[in-house]
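# Examination of the molecular architecture
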Amino acid sequence: MKLRLLAVGHKMPAWVEQGFAEYAKRLPADCSIELVEIPPGHRAKNTSKEKAMQQEADALRKAIRPQDHVVALEVKGHNWSTEQLAQQLEGWRMQGGDVALLVGGPDGMTAEVLALAKQRWSLSALTLPHPLVRVLLAEQLYRAWSILQGHPYHK
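Small disclaimer: the values here were computed from a predicted structure and weren't measured. (Residues numbered from 1 in each chain as written. Predicted model: local features only at pLDDT ≥ 70, side-chain atom pairs only at ≥ 80, totals over all residues. Heavy atoms only, no water.)

Moving on to the sheet that holds strand S5 (residues 119-122). Overall, parallel pairing links the 5 strands, which are arranged S2-S1-S4-S3-S5 in an open sheet. Bordering the open sheet on either side are strand S2 (32-38) and S5, each of which pairs with just one other strand. The average undirected angle you get between the axes of adjacent strands in this sheet is 30°. Bridging between strand S3 (residues 69-79) and strand S4 (residues 99-103) involves 5 bridges; their strand directions are parallel. Residue pairing for S4: His 69 is matched across the bridge by Val 99. (Pairing = 2+ DSSP bridges. Helix = DSSP H or I, 4+ residues; strand = E, 2+ residues; numbered from the N terminus. Axes fitted to C-alpha atoms, helices over the stretch in contact; angles between N-to-C directions.)

Turning to helix H1 (residues 14-26), a few remarks are in order. Spanning 13 residues, H1 covers 19 Å between terminal C-alpha atoms, matching the ideal 18 Å at 1.5 Å per step. Those residues of H1 that sit buried are Val 16, Gly 19, Phe 20, Tyr 23 and Ala 24. Across the axial projection of H1, the buried residues extend over an arc of 130°, all falling on one side. Exposed residues lying more than 90 degrees from the buried face of H1 are Gln 18 and Lys 25. The inward-facing, buried residues of H1 contact strand S1 (2-8), S2 and helix H5 (130-149). (Expected span 1.5 Å × (residues − 1). Buried < 20%, exposed > 50% of the residue type's maximum accessible area, 1.4 Å probe, protein only. Arc of directions from axis to C-beta. Contact = heavy atoms within 4.5 Å.)

This brings us to the packing of aromatic side chains. Inspection of every chain in the model, using the stated rule, returns 4 aromatic pairs. Seen from their ring centres, Trp 80 and Trp 121 are 5.1 Å apart, and the 25° between their planes marks the pair as stacked. With a gap of 41 residues between them, Trp 80 in the loop between S3 and helix H3 (82-95) and Trp 121 in strand S5 connect regions that are remote in the sequence. Trp 121 matches Trp 80 in its accessibility class, with the two residues each being buried. The ring of Tyr 142 carries the charged tip of Arg 26 above its face, separated from the ring centre by 5.4 Å. (Phe/Tyr/Trp six-rings, centres within 6.5 Å; stacked < 30°, edge-to-face > 60°. Lys NZ or Arg CZ within 6 Å of the ring centre and 35° of its normal.)

For H3, which comprises 14 residues, the first-to-last C-alpha distance of 20 Å matches the rise-based estimate of 20 Å (1.5 Å per residue) to within 8%. Residues of H3 that are buried include every one of Thr 82, Leu 85, Ala 86, Leu 89 and Trp 92, and no others. The buried side chains of H3 occupy one side of the element, clustering within an arc of 120° when seen end-on. What points out from H3, more than 90 degrees from its buried face, is the exposed set Gln 87, Met 94 and Gln 95. Just beyond H3, the residue with positive phi is Gly 96, at close to 85°.

With 5 of its 5 residues buried, S4 lies for the most part within the structure. Both faces of S4 are covered, namely the face carrying Val 99, Leu 101 and Val 103 and the face carrying Ala 100 and Leu 102. Note that S1 and S4 share 5 bridges and pair parallel. Bridging from a neighbouring strand, Leu 6 pairs with Leu 102 of S4.

Another aspect to go through is the UniProt feature "binding site: S-adenosyl-L-methionine" (unreviewed entry) in the protein chain. As recorded in UniProt, the feature "binding site: S-adenosyl-L-methionine" (unreviewed entry) lies at Leu 73, Gly 104, Leu 123, Ser 124, Ala 125, Leu 126, Thr 127 and Leu 128. Within the fold, Leu 73 resides in strand S3. Leu 73 has contacts with Leu 101, Leu 102, Val 103, Met 109, Trp 121, Leu 123 and Leu 137, leaving out every residue within four places of it along the chain. Here Leu 126 shows up in the loop between S5 and H5. (UniProt positions renumbered as here; feature names shortened; annotations may be inferred.)

Spelled out as structure tokens, the structure:
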């Protein structure tokens, strides 16, 4: 199984790239995570946010592969404890396909993209900065994997 983080945004600070890379390298090949950066839609004074969101939606749809189990990260999604995430991770592994984890842009995702998701997951009721979400997500996936392996990281 491969986890693919499809995240709107680019040009992240070095600490984000380093943090994501640290947890990504800890995951084994059969549960690896790959970051796919989606260019943000063009936002300007005279441009509607809907147009920017549609540009992002088009790019996200192109990045999703037919065999992907799609999980949208959004504030209205299910709140999972770390142990529940470990159960989800095991379920995804048992399905045998890859997982696409979607993180939208500053205005979220279109209804069309959300409709592609088989699951919706909320990391927190708090509003989190998108760069931090990348690191937090990678760490929590590593932590969930460590629970499944009986690894002492989670203790």
